[in-house]
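Each chain is listed here by its residues.
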Amino acid sequence: MVKPTNELKCTFPSTSQNEALARSIVSGFLMPLDPDIEELADIRCAVSEAVTNCVVHAYKGTQGPITITVKCYDDRTFRMTVADRGCGIPDVEQARKPLYTTAPDEDRCGMGFSIMESFADRLLVSSHVGKGTKVTFIKKLSEASYI
Ligand SMILES: Nc1ncnc2c1ncn2[C@@H]1O[C@H](COP(=O)(O)OP(=O)(O)OP(=O)(O)O)[C@@H](O)[C@H]1O
Ligand SMILES: [Mg+2]
């Protein structure tokens, strides 16, 4: 097992204000790596999508804990997990399809997983009904460019 060069784990309640907090935490974690601005924007967007899913789907109408872990490695691989202990997803394969949503009446368009996937090198989703969901986002950052 390769040891990460840095890692962080945090847990916070599933309020919508904490979506901004999660983005800030992940951005702050990435800053020492001097990420490309576009890659940083993509990762911030993936954080939003994953955390929003916990707020609006996992704990629909209630609140519960969201745990984010972030790790980075010598070769600039960034690995993030976003986990909840909410309702779970009965059919992950179906949920990952573009435009699939169980909440069309709430202005959802079913693109969250597709967006996360488009920004990741690998996106893993594991879920158990009644127990929760864990999304793992893996991306190798491009080399830092110093002026
Ligand atoms: N953490 C989660 N817990 C429970 N169900 C989830 C979770 N994340 C996603 N889902 C289910 O997977 C479906 C697809 O998620 P996805 O993020 O792709 O689209 P959406 O959230 O419905 O819409 P959008 O992200 O475009 O606003 C959701 O409609 C929901 O049924
Ligand atoms: Mg979503």
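Residues numbered from 1 in each chain as written. Chains lettered and ligands numbered in written order. Predicted model: local features only at pLDDT ≥ 70, side-chain atom pairs only at ≥ 80, totals over all residues. Heavy atoms only, no water.

(A) Here's a closer look at the environment of aspartate 34. On the secondary structure map, aspartate 34 appears in the loop between helix 1 (17–30) and helix 2 (37–58). Its relative accessible area of 32% is what places aspartate 34 among the partly exposed residues. For the pair formed by aspartate 34 and arginine 23, sequence separation is eleven residues and the distance between their alpha carbons is 16 Å. (Helix = DSSP H or I, 4+ residues; strand = E, 2+ residues; numbered from the N terminus. Buried < 20%, exposed > 50% of the residue type's maximum accessible area, 1.4 Å probe, protein only.)

(B) Looking closely at the side chain of serine 27. Secondary-structure assignment places serine 27 in helix 1. We classify serine 27 as buried; its relative accessible area is 9%. Excluding residues within four positions of it along the chain, serine 27 makes contact with Leu40 and Arg44. (Contact = heavy atoms within 4.5 Å.)

(C) Examining the site of ligand 1 more closely. Around ligand 1 there are 19 residues in total, and Asn53, His57, Thr101, Thr102 and Met111 lie nearest to it. One nitrogen or oxygen atom from the side chain of threonine 102 is found 2.5 Å from an oxygen atom belonging to ligand 1. Here an oxygen atom of ligand 1 sits 3.4 Å away from a polar atom, N or O, in the main chain of cysteine 109. Of all the secondary structure elements, the ones that give two or more residues to the shell around ligand 1 are helix 2 and helix 4 (112–119). If one sorts the elements of the shell around ligand 1 by residue count, helix 2 sits on top with four residues. Residue composition of the shell around ligand 1, by class: eight nonpolar, eight polar and three charged. (Near = heavy atom within 4 Å. Polar contact = N/O pair within 3.5 Å; in protein donor to acceptor, adjacent residues only side chain to side chain. Nonpolar A, V, L, I, M, F, W, Y, C, P; charged D, E, K, R; others polar.)

(D) Representation of the sheet that holds strand 1 (residues 6–13) in the model. Taking strand neighbours across the sheet as the criterion, the five strands line up as 1-2-3-5-4 in an open arrangement whose pairing is antiparallel. For this open sheet the edge positions go to strand 1 and strand 4 (122–128), each flanked by a neighbour on one side alone. Within this sheet the neighbouring strands show an average axis-to-axis angle of 10°, counted without direction. Sheet contacts for helix 2: strand 1, strand 2 (65–72), strand 3 (77–84) and strand 5 (132–140); angle to strand 3, the most-contacted strand, approximately 15°. (Pairing = 2+ DSSP bridges. Axes fitted to C-alpha atoms, helices over the stretch in contact; angles between N-to-C directions.)

(E) Region of the structure containing the packing of aromatic side chains. Summed over the entire model, instances satisfying the criterion amount to two aromatic pairs. Here the aromatic rings of phenylalanine 29 and phenylalanine 78 are separated by 6.5 Å at their centres, their planes lie at 45°, and the arrangement is tilted. You can see phenylalanine 29 sitting in helix 1 and its partner phenylalanine 78 sitting in strand 3, a full 49 residues away along the chain. Note on accessibility: phenylalanine 29 and phenylalanine 78 belong to one class, buried. With a centroid separation of 6.4 Å and an interplanar angle of 65°, the aromatic rings of phenylalanine 78 and phenylalanine 137 are classed as edge-to-face. Of this pair, phenylalanine 78 sits in strand 3 while phenylalanine 137 sits in strand 5; the two residues are 59 residues apart in sequence, bridging distant segments of the chain. For phenylalanine 78, a relative accessible area of 0% corresponds to the buried category. Ring pairing ties together the aromatic residues Phe29, Phe78 and Phe137, which thus form one cluster. (Phe/Tyr/Trp six-rings, centres within 6.5 Å; stacked < 30°, edge-to-face > 60°.)

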